[in-house]
Amino acid sequence: MPDEDLAAMYAFFMSDIKAVKQANLKSELPPIANWRWPLAYWQVLFDRKRDFVPETDDALLTRGQYLVEGPGHCGSCHTGRGIGFQEIALSNADSNKYLSGAIIDGCAPKVSAVSIADLALGRLQN
């Protein structure tokens, strides 16, 4: 994410979002699951680095694609997971499974122009 976007998000959260005073909940994970060092191995196996690559020359569509793939993290819920619980695709260029729907704590349906229209018309079925 570009530094300008990070600065804009920081400014927004620091000025427009009220702080919530709430004590953190105690972790319910067993001790071994609280260790951070095993994540280094997971990252080697499953964390793919990539730069944003626009799929179109249209500025509005490119901005939408950037928001969906970047700060919106839409694929985190709306894309299926692999054996290591990694996202199976990070963009349309990776796979047609990107934003194809997933079951994570319930259901995160497929996201497409058709599914959004169906949702607006009350016709979305899982």
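Residues numbered from 1 in each chain as written. Predicted model: local features only at pLDDT ≥ 70, side-chain atom pairs only at ≥ 80, totals over all residues. Heavy atoms only, no water.

So, about the overall build of the protein. A tally of regular secondary structure across the protein gives six helices and zero strands. For the protein, the α and β elements follow one another from N to C terminus as α-α-α-α-α-α. Within the protein, buried positions represent 17% of all 126 residues. In the protein, of all internal contacts separated by at least 6 residues, the share reaching a separation of at least 24 is 36%. When the accessible area of the protein is evaluated, it comes to approximately 10400 Å², of which 61% is carbon and sulfur surface. (Helix = DSSP H or I, 4+ residues; strand = E, 2+ residues; numbered from the N terminus. Buried < 20%, exposed > 50% of the residue type's maximum accessible area, 1.4 Å probe, protein only. Contact = heavy atoms within 4.5 Å. Areas by Shrake-Rupley, 256 points an atom, 1.4 Å probe, with all protein chains shown as cover.)

Take the pattern of salt bridges next. Applying the stated criterion to the full structure yields one salt bridge. The residue Asp5 makes a salt bridge to Arg63 at a minimum N-O spacing of 4.0 Å. Linking Asp5 in helix H1 (residues 3–16) with Arg63 in helix H4 (residues 59–69), this pair joins segments that are 58 residues apart in sequence. With relative accessibility at 18%, the residue Asp5 sits in the buried group. The exposure class assigned to Arg63 is partly exposed, which follows from its relative accessible area of 43%. (Salt bridge = Lys/Arg side-chain N within 4 Å of Asp/Glu carboxyl O.)

With that out of the way, let us pick up the environment of Pro109. Looking at the element boundaries, Pro109 is found in the loop between helix H5 (75–78) and helix H6 (113–120). You can call Pro109 partly exposed: its relative accessible area is 23%. Along the backbone, Pro109 and Leu99 are ten residues apart, and their C-alpha atoms lie at a distance of 8.1 Å.

This model, assessed by the stated rule, comprises zero disulfides. Here Cys74 stays unpaired: no disulfide links it, and the sulfur of Cys77, its closest cysteine neighbor, is 8.8 Å away. (Disulfide = S-S within 2.5 Å.)

A few words now on the side chain of Asp5. Here Tyr66 takes part through its side chain, which lies 2.4 Å from a polar atom of the side chain of Asp5. Excluding residues within four positions of it along the chain, Asp5 makes contact with Arg63 and Tyr66. (Polar contact = N/O pair within 3.5 Å; in protein donor to acceptor, adjacent residues only side chain to side chain.)

Of the residues in the protein, 88% have a pLDDT of 70 or more, and the chain-wide mean is 82. Taken element by element, the protein is modelled with least confidence in H6, mean pLDDT 59, and with most confidence in helix H3 (residues 38–46), mean pLDDT 89. (pLDDT = per-residue confidence, 0-100.)

Another point: the packing of aromatic side chains. A complete count under the given rule lists five aromatic pairs for this structure. Here Trp35 and Trp37 contribute two aromatic rings whose centre-to-centre distance is 6.1 Å and whose plane-to-plane angle is 20°, an arrangement assigned as stacked. On the basis of relative accessibility, which here comes to 55%, the residue Trp37 falls in the exposed class. Summarising the aromatic geometry, the rings of Trp42 and Phe46 are spaced 5.8 Å apart at their centres and angled 45° between planes, so their arrangement reads as tilted. One end of the pair is Trp42 and the other is Phe46, both in helix H3 and four residues apart, which spans about a single turn. By relative accessible area, which is 23% here, Phe46 ends up partly exposed. Site record: aromatic cluster; members linked through ring pairs are Trp35, Trp37 and Tyr41. A cation over a ring is seen here: Arg81 above Phe85, with NZ or CZ 4.7 Å from the ring centre. (Phe/Tyr/Trp six-rings, centres within 6.5 Å; stacked < 30°, edge-to-face > 60°. Lys NZ or Arg CZ within 6 Å of the ring centre and 35° of its normal.)

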